[in-house]
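Working through the structure, step by step
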Amino acid sequence: FLAAISTFSYSKRHFKDNNDVCVEASLWEARTYAELGWYYEAEESLRRIDEKTFTYKTNEIFVLVKSDLLLKQKQYEEAIPFLLTAVEQADKKDKARMSYILAQVYEEIGNYSQAYKWYEECLDKNPLHELEFNAMLSQARCYQGDDISSLKEKLEKLIKKQSNSEYLDQIYYTIGELYQRNGNEELAVKLYKKAIDESVRNGIDKAKAQVALGEIYYSKENYLKAQPLYSEAMPVLPTTFENYTELNKKSLLLNDIEKNQQTIILEDSLQYL
């Protein structure tokens, strides 16, 4: 990145009479600063550009660079107008990806109706399989209505595809979430168990299903069933995971409870004998 900045800076000095080259070099310079986390320098590079001199091409690059810079600084709402323009300007190949990013931003700020809409926009653009798969799961996560039948049907189609055999834990977990949000805890438990049983990667998706199931058991004070789920999930979850500290405390507490309960069971059995 430092070599790139040096080259862009040289380009601006060497071709200062060519406005298009200077503008494009400044935009790429700003993007490079952003990749390094030097946000002040990136903003300065953008501030020095006269937007009145933009061509269609440089305006297209500016919108992407500006939205990327804002997203890196977690200024999600400020990034939305630029992302909307980026979607509008994107060619057919990139529209699905830009729609997906916009949907993610709306989801991040809690605007689930808009997130759902833009995930649908992404799916309408016939995206590549990986993008389609993630858009469908994310859309299900954002659904706030009562009728989950059509979404459930979509997700069950994913289960039947051979190409998704490694990701069944992720799919079953998402369907379980749908049921739980809809108040059907009994079916949610079955789906979380299915996600755990079908997992072949034993990664974060299995751990999320274990935590979700563990939380249900914990709320019902069924600590012996909850304990092994937390115990297996916690080493897999990153410390940045939502409510990680609280989950870790629960796991440690459940370990103590499990030891004490096993002691009680043993002592009761011995005394009975």
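Look up: the structure comes first, before these words.
Now for a description of the structure that goes with this document. In this numbering scheme, every chain counts its residues from 1 along its sequence in written order. Only residues with pLDDT of at least 70 are given local features in this predicted model, and only at 80 or more are side-chain atom pairs given and counted; all residues enter the totals for whole chains, interfaces and linings. Hydrogens and water are ignored here; the side-chain numbers use all heavy atoms of the structure.

Points about the overall build of the chain
Rule in force here: Strands here are runs of E lasting at least two residues and helices are runs of H or I lasting at least four, both read from the DSSP assignment and numbered beginning at the N terminus. Three exposure classes are used, based on accessible area relative to the maximum for each residue type with a 1.4 Å probe and protein chains only: buried under 20%, partly exposed in between, and exposed over 50%. It only takes one pair of heavy atoms within 4.5 Å for two residues to be counted as in contact. Note on areas: Shrake-Rupley, 1.4 Å probe, and residue coverage restricted to the protein chains presented here.
Within the chain one finds 14 helices and 0 strands. When the elements of the chain are put in sequence order from the N terminus, they spell out α-α-α-α-α-α-α-α-α-α-α-α-α-α. Dimensions of the chain, computed from C-alpha atoms along their principal axes, come out at roughly 95 × 40 × 30 Å. Looking at the chain as a whole, 39% of its 273 residues qualify as buried. Excluding contacts between residues fewer than 6 apart, the proportion of contacts in the chain whose partners are at least 24 apart in sequence is 49%. Only carbon and sulfur atoms are counted for the fraction: they give 50% of the accessible area of the chain, which is about 16000 Å².

Topic: the environment of Gln104
Mapped onto the elements of the fold, Gln104 is located in helix H6 (residues 92-108). What makes Gln104 partly exposed here is its relative accessible area of 37%.

What to know about unusual backbone geometry
Residues other than glycine seldom take positive phi values, yet Asn202 does so here, at roughly 50 degrees. Its location among the elements puts Asn202 in the loop between helix H11 (185-198) and helix H12 (204-219). Look at Glu221: it is not a glycine, yet its phi comes out positive at around 60 degrees. Counting through the fold element by element, Glu221 comes out in the loop between H12 and helix H13 (223-233). With a relative accessible area of 57%, Glu221 lands in the exposed category.

Looking at the nonpolar core
Our working definition: Residues belong to a common nonpolar core when they are buried Ala, Val, Leu, Ile, Met, Phe, Trp, Tyr or Cys residues joined through side-chain atoms within 4.5 Å.
Grouped together as the largest cluster of nonpolar side chains are 76 residues, with contacts concentrated most on Leu46, Leu155 and Ile171. For this core, the element with the most residues is H6, which contributes 8 residues. If we ignore the near neighbours within four places in the chain, the residues touching Leu46 are Leu27, Ala30, Phe62, Val65, Lys66 and Leu69.

Examining a nonpolar patch on the surface
Rules: What goes into a patch is any residue over 30% in relative accessible area without a salt bridge, connected to like charges within 9 Å or, for nonpolar side chains (Val, Leu, Ile, Met, Phe, Trp, Tyr), within 5 Å. Whenever a carboxyl oxygen of Asp or Glu lies within 4 Å of a side-chain nitrogen of Lys or Arg, that contact is scored as a salt bridge.
A cluster of nonpolar side chains, contributed by Phe1, Leu2, Leu36 and Trp38, occupies part of the molecular surface with about 410 Å² of accessible area. Position of Leu36 relative to the elements: it lies in helix H2 (residues 19-36). Of the residues examined, Leu36 reaches a relative accessible area of 30% and is grouped as partly exposed.

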